[in-house]
Amino acid sequence: MVDSVLQIRSQSRMLGYLNAPSPFDAEGWYDTKDVVEERNGYYKVVGRTTDVINVGGLKFMASEVERVALEYPGVSLVKVSARSNPITGQHVEMSVQPVAGAAFDAERLGVFLRSRLQRHMVPRRIRTESVSVGHRFKKA
């Protein structure tokens, strides 16, 4: 594990992808890009490096913000993403799909999030729209 990112090495492994650079470093380690936490000798995958948002040097997972937003009444699906910011490096934006037929107010959701999240984790923009998911229910 390097900087909370899981790296693995094995006696038997693939050589790599055709016409692509090797995914292994000089010592044979493969970067899984999985962010992990270790507790009592066990590892728990908590996200992917592509899901890490860095606002002014403060790093957190998009899933942390999504989990809190899903606690708000009338929210069906949420997708949080990072956007470039010239001052802080990145900031948070959110797409919300309300429950069909539910009364939904993005401003009230913003108040809810500000009361439960650290300041750097609060979305700068909340859009009400359909959040698309693929056939494996992964957010597109």
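See the structure above.
Since we're looking at a predicted model, the values are computed, not measured. (Residues numbered from 1 in each chain as written. Predicted model: local features only at pLDDT ≥ 70, side-chain atom pairs only at ≥ 80, totals over all residues. Heavy atoms only, no water.)

Chemist: Just to check I follow, could you spell out the packing of aromatic side chains for this structure?
Modeler: Geometry of an aromatic ring pair is reported as the spacing of the ring centres plus the angle between the planes. Inspection of every chain in the model, using the stated rule, returns three aromatic pairs. Where Tyr-72 meets Phe-104, the ring centres are 6.4 Å apart and the plane angle is 85°; that geometry is what we call edge-to-face. Placement of Tyr-72 in the loop between α1 (62-69) and β6 (75-85) and of Phe-104 in the loop between β7 (89-98) and α2 (106-116) is noted, with a sequence separation of 32 residues between them. Put simply, the rings of Tyr-72, Phe-104 and Phe-112 pair up and form one aromatic cluster. (Phe/Tyr/Trp six-rings, centres within 6.5 Å; stacked < 30°, edge-to-face > 60°. Helix = DSSP H or I, 4+ residues; strand = E, 2+ residues; numbered from the N terminus.)

Chemist: Explanation requested: α1 in the structure shown.
Modeler: Given 3.6 residues per turn, any residue in an α-helix points the same way as the ones three and four places further on. Of the residues making up α1, those classed as buried are Ala-62, Val-65, Glu-66, Val-68 and Ala-69. Buried residues along α1 cover an arc of 165° about the axis, so they all sit on one side. Buried-residue contacts for α1 involve β4 (52-55), β5 (58-61), β6, β7 and α2. (Buried < 20%, exposed > 50% of the residue type's maximum accessible area, 1.4 Å probe, protein only. Arc of directions from axis to C-beta. Contact = heavy atoms within 4.5 Å.)

Chemist: Explanation requested: unusual backbone geometry in the structure shown.
Modeler: Apart from glycine, the bulk of residues carry a negative phi angle, and the bulk of peptide bonds sit in the trans form. Not every positive phi belongs to a glycine, and Asn-19 is a case in point at roughly 60°. Relative to the helices and strands, Asn-19 resides in the loop between β1 (5-8) and β2 (30-39). Here Asn-40, not a glycine, exhibits a phi torsion of approximately 55°, which is positive. Inspection of the secondary structure puts Asn-40 in the loop between β2 and β3 (42-48).

Chemist: When you look at the pattern of salt bridges in this model, what are you seeing that I'm missing?
Modeler: Side chains that carry opposite charge are capable of pairing whenever their charged atoms lie near each other. Under the defined criterion, the tally for this structure stands at eight salt bridges. Note that Asp-31 is salt-bridged to Lys-33, the shortest N-O span being 3.8 Å. Where Arg-67 meets Glu-71, a salt bridge forms, and the shortest distance between an N and an O atom there is 3.8 Å. It is possible to trace a salt-bridge network through shared partners that takes in Arg-83, Glu-93, Arg-125, Arg-127 and Glu-129. (Salt bridge = Lys/Arg side-chain N within 4 Å of Asp/Glu carboxyl O.)

Chemist: I'm lost on the environment of Lys-33 in this one. Help?
Modeler: Following the sequence through the fold, Lys-33 ends up in strand β2. Residue class for Lys-33 comes out partly exposed when judged on its relative accessible area of 36%. Leave out the neighbours within four places in its chain, and Lys-33 touches Val-5, Leu-6, Gly-47, Arg-48 and Thr-49.

Chemist: Just checking my understanding: could you explain the side chain of Ser-95 for this structure?
Modeler: Within the fold, Ser-95 resides in strand β7. Its relative accessible area of 8% is what places Ser-95 among the buried residues. Separated by 2.6 Å, the side chains of Ser-95 and Glu-129 make a polar contact. (Polar contact = N/O pair within 3.5 Å; in protein donor to acceptor, adjacent residues only side chain to side chain.)

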